[in-house]
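Below, each chain spelled out in residue letters.
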Amino acid sequence: MALTQRLEFRQSQSLVMTPQLMQAIKLLQLSNLDLTTFVEEELERNPLLERASDEGPAGEAPAEAGSYGDSDGRGDGQGEDGFGGGAEGFEPGQEEWMSKDLGTRAEIEQTLDTGLDNVFSEEPAEAAARNAQDAAPTTYTEWGGGASGTEDYNLEAFVAAETTLSDHLAEQLAVAFAAPAQRMIGQYLIDLVDEAGYLPADLGQAVERLGASQADVEGVLAVLQKFDPPGVCARNLSECLAIQLRELDRYDPAMQALVEHLDLLAKRDIVALRKICGVDDEDIADMIGEIRRLNPKPGMKFGSARLQTMVPDVYVRPGPDGGWHVELNSDTLPRVLVNQTYYSELSKKVGKDGDKSYFTDALQNATWLVRALDQRARTILKVATEIVRQQDGFFTHGVAHLRPLNLKAVADAIQMHESTVSRVTANKYMATNRGTFELKYFFTASIASADGGEAHSAEAVRHHIKQLIDSEEPSAILSDDTIVERLRASGIDIARRTVAKYREAMRIPSSVQRRRDKQSALGNVLSTALSDRSRNTEPA
């Protein structure tokens, strides 16, 4: 078969991702904080975009200073009392007084019956400065605490900055070391300390990056571990507790053995701990009590990075008819407008083709952004309304009535694609009468029913498992197999490995660990009660 070249015409249809469509898709999956940042960047980039203001139409000039005291709305600077700019009897008299010849110095002194030095003893500027310095402040802003009269009252001006752990350690570092090399090593180690006050377990990378010896870094670290708060700059929990115990002068060999075997303490293996430490029951109980009074995270009492408060995108409130009212949070919706007036003025004055093209593109981008923001808000409201309709039982009765729901069910109900629903539910939150939840929380897997009825939501099954474990008695701890039997008796067909997975996801220990914990807690309660009873029965 010979290869030849030829020209052909073909007609086909394809979906092209225009920049405007890509922008709309991008906006759909942004959180409200990211959306605000994006809109702020567009406002700086596009001269035809402006914020929507509630104070009046765009381009309106502010009122003149002369109209502030105007009560009748005329705006000509003249009031009813005749003290306006054109009032009769005031300006002519002033002009006549200013134009009148006062005569020579001698005539003025004869008229005033005193010398001019007595009347004007010093320069006016000097007298005004001294009077202003001697006079007590008469307003709040003169004390230097508030904003000026032309600015908004800023409450943040009175908030003291929180001392962070890094700042607190840096202040002690400046006093502890005099050599620049040691200060540099210490500052580098302080920068590695996390919010809890811990350093990385391996400082080999720090040694390599600083170009210092292991002994120098260890020497600086030993000094840092004596800083306040006690236990800071430790590399693990055992070292943190050991530092605090040395500070209290309680780090004896028995306590050292206890600190080195914290894994046995976590398992509540008191018998093994008593044997390792070489103490009796009373001493091991006192030692454990001392460990509990220590601070495992010494750095948490200092100010850390301030967390951003989560702001819901949708509010769900009970309606008057017994249903649910869904509305968007207007505070999270950026309000921008296209300044058509500014574009019309520019189009008349701009003469270059390049400038015309720039402003035309700016107008098109601004229009598309406004439309994309409006479409985003409508889509979020539509998806949230359908979620509320599908999960009506959750809002009315609680998490036990959460139904299985997937993206396809919502997408088919509102006639949208699953990917669109997935983007809408990402990083969006809904405030309800039962708390604030991410929209993705309402999409849960389904677990089949044991009797062939309606399927159960995975979140509802987790809630049921937690209720069973919370209500168990110390003498009858439920194993995973027992939980499976009880769930199947309730009509939930579930495997044992699924119960174990849900239990571990909720950070619930195994049945062996729960039995040990509850029996230990029960033993502590009984011993306390017996000691109180013996104390009360002692003769006076």
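Per-chain numbering applies: the sequence of each chain, read as written, is numbered from 1 onward. Only residues with pLDDT of at least 70 get local features here, since the model is predicted, and only at 80 or more are side-chain atom pairs given and counted; chain-wide, interface and lining totals rely on the full set of residues. Calculation of side-chain values draws on the structure's entire complement of heavy atoms; hydrogens and water are dropped beforehand.

Participant: Tell me about the pattern of salt bridges, and name the residues and values.
Facilitator: Where charged atoms from two side chains of opposite charge come close, those side chains can pair. Whenever a carboxyl oxygen of Asp or Glu lies within 4 Å of a side-chain nitrogen of Lys or Arg, that contact is scored as a salt bridge. Applying the stated rule across the entire model yields 19 salt bridges. Here Arg503 makes a salt bridge to Asp480, at a shortest N to O gap of 3.2 Å. Taken as a pair, Arg503 in helix 23 (residues 496-505) and Asp480 in helix 22 (residues 480-489) lie far apart in primary sequence, 23 residues in all. This pair shows no difference in class: Arg503 is buried, exactly as Asp480 is. One network of salt bridges, in which partners are shared, links Arg6, Glu8 and Arg10. The secondary structure listing takes helices from DSSP runs of H or I that are at least 4 residues long and strands from runs of E that are at least 2 residues long, numbered from the N terminus. The cut-offs for exposure are 20% and 50% of the maximum accessible area for each residue type, with area from a 1.4 Å probe on protein chains only; residues under the lower value are buried, those over the upper are exposed, and the others partly exposed.

Participant: Give a description of the packing of helix 2 (residues 32-45) against helix 17 (residues 353-390) that names residues and reports values.
Facilitator: Convention adopted: a line fitted to C-alpha atoms gives each axis, helices being fitted over their contacting stretch, and angles between N-to-C directions are expressed from 0 to 180 degrees. One way to put it is that helix 2 packs onto helix 17 with a least axis distance of 11 Å and a crossing angle of 160°. Classified by the angle their axes make, helix 2 and helix 17 are roughly antiparallel. Considering only the axes of helix 2 and helix 17, their crossing is left-handed. Facing helix 2, whose interface residues are Asn32, Leu35, Phe38, Val39, Glu42 and Arg45, helix 17 presents Tyr358, Leu369, Leu373 and Arg376. Any angle between 65 and 115 degrees counts as roughly perpendicular, while under 35 counts as roughly parallel, over 145 as roughly antiparallel, and the rest as oblique. Left-handed describes a crossing whose near helix is turned anticlockwise from the far helix through less than a right angle; right-handed describes the clockwise counterpart. Whether two residues are in contact is decided by their heavy atoms, any of which lying within 4.5 Å being enough.

Participant: Report on the side chain of Gln244, specifying residues and quantitative values.
Facilitator: With respect to the secondary-structure elements, Gln244 resides in helix 11 (residues 237-247). Accessibility expressed as a relative area gives 8% for Gln244, which makes it buried.

Participant: Pulling in residues and values, what's your account of the nonpolar core?
Facilitator: Working definition of a nonpolar core: buried Ala, Val, Leu, Ile, Met, Phe, Trp, Tyr and Cys residues. They are joined through side-chain atoms within 4.5 Å. One finds Met430 and Phe442 to be the most contacted residues of the largest nonpolar core, which totals 24 residues. When contributions to this core are tallied by element, the ones reaching two or more residues are strand 2 (314-318), helix 17, helix 18 (392-397), helix 19 (407-414) and helix 20 (418-425). Per element, the largest residue contribution to this core is 5 residues, and it comes from helix 17. Residue contacts for Met430: discarding those within four places in its chain leaves Pro312, Val314, Val316, Ala384, Val388, Phe395, Gly435, Thr436, Phe437, Leu439 and Phe442. Formed by 23 residues, the second largest nonpolar core is a distinct cluster that contains Ile185, Tyr188, Leu221 and Phe302.

Participant: Tell me about the pairing of strand 3 (residues 324-328), and name the residues and values.
Facilitator: Taken together, the 5 bridges between strand 2 and strand 3 define a ladder with antiparallel strand orientation. Looking at the pairing, Arg317 lines up with His325 of strand 3. Being paired, for any two strands, means DSSP has found at least two bridges between them.

Participant: Hey, could you go over the layout of surface pockets for me, with residue numbers and the actual values?
Facilitator: Here the second largest pocket is characterised by a volume of approximately 210 Å³. What lines the second largest pocket is simply Pro19, Gln20, Gln23, Glu42, Arg45, Asn46, Tyr358, Asp361, Ala362, Asn365 and Trp368. Broken down by element, the residue count for the lining of the second largest pocket peaks at 5 residues, all from helix 17. Residue classes follow a fixed rule: Ala, Val, Leu, Ile, Met, Phe, Trp, Tyr, Cys and Pro count as nonpolar, while Asp, Glu, Lys and Arg count as charged, and any other residue, Gly among them, counts as polar. In terms of residue class, the lining of the second largest pocket is made up of 4 nonpolar, 4 polar and 3 charged. Think of a 1 Å grid over the protein atoms and nothing else: a 1.4 Å probe that fits but is trapped marks a cavity, an open set flanked by protein within 12 Å on at least five of seven lines marks a pocket, and residues with an atom within 4 Å of a point count as lining. Grid points are joined across faces, edges and corners, and a volume is the space filled by probe spheres set on the points.

Participant: Before we move on, could you go through a nonpolar patch on the surface and cite the residues and values that matter?
Facilitator: Taken together, the side chains of Leu15, Met17, Leu21 and Met22 make up a nonpolar region of the molecular surface, amounting to roughly 420 Å² of accessible area. Examined against the element boundaries, Met22 turns out to sit in helix 1 (residues 19-28). Note that patches include only residues with greater than 30% relative accessible area and no salt bridge, and the join distances are 9 Å for like charges and 5 Å for nonpolar side chains (Val, Leu, Ile, Met, Phe, Trp, Tyr). Every accessible area reported is derived by Shrake-Rupley at a probe size of 1.4 Å, with residue values counting cover from the shown protein chains alone.

Participant: Which residues make up the sheet that holds strand 3, and what values go with them?
Facilitator: The sheet built from 4 strands is open, its strands ordered 3-2-5-6 with mixed pairing. Across the chains shown, the open sheet's two edge strands, defined by having one partner strand only, are strand 3 and strand 6 (435-438). Adjacent strand axes in the sheet meet at a mean angle of 20°, parallel and antiparallel pairs treated alike. Relative to strand 5 (residues 429-432), strand 2 runs parallel, the two being bridged by 2 bridges. Bridge pairing in strand 5 links Tyr315 to Ala431. Sheet strands in contact with helix 17 are strand 2, strand 3 and strand 5, and its direction is about 160° off that of strand 3.

Participant: Lay out the packing of aromatic side chains with the relevant residues and their values.
Facilitator: To describe a pair of aromatic rings, you give the distance between the ring centres and the angle between the ring planes. Whether two aromatic rings pair depends on their centres lying within 6.5 Å, for rings of Phe, Tyr and Trp, where Trp uses its six-membered ring; planes under 30 degrees apart make the pair stacked, over 60 edge-to-face, and the rest tilted. The final tally for this structure, using the stated rule, is 10 aromatic pairs. When the ring of Phe394 is compared with that of Phe442, the centres are 5.5 Å apart and the planes differ by 80°; the resulting orientation is edge-to-face. On the criterion of sequence distance, the pair formed by Phe394 in helix 18 and Phe442 in the loop between strand 6 and strand 7 (446-447) is long-range, its members being 48 residues apart. The same class applies to Phe394 and to Phe442, which are both buried. By way of ring pairs, the aromatic residues Trp324, Phe394, Phe395, Phe437, Tyr441 and Phe442 are connected into one cluster.

Participant: Tell me about the pairing of strand 5, and please be specific about residues and values.
Facilitator: For strand 5 and strand 6, the ladder comprises 4 bridges, and the chain directions are antiparallel. Paired with Thr432 across the strands is Gly435, a residue of strand 6. Adjacent in sequence and paired antiparallel, strand 5 and strand 6 are bridged by 2 residues.

Participant: Kindly report on empty space enclosed by the protein, identifying the contributing residues and their values.
Facilitator: Counted according to the given criterion, the structure contains 1 cavity of 30 Å³ or more. Approximately 50 Å³ is the volume found for the largest cavity. In terms of lining, the largest cavity is formed by Asn32, Asp313, Leu328, Thr332, Leu333, Arg376, Ala377 and Ile380. Sort the elements by how many residues they give to the lining of the largest cavity and helix 17 lands first, with 3 residues. Each residue belonging to the lining of the largest cavity can be placed in one class, and the counts come to 4 nonpolar, 2 polar and 2 charged.

Participant: Tell me what's going on with the environment of Leu405, and back it up with residues and numbers.
Facilitator: Looking at the element boundaries, Leu405 is found in the loop between helix 18 and helix 19. Spatially, the C-alpha atoms of Leu405 and Tyr441 are 10.0 Å apart, while their sequence positions differ by 36 residues.

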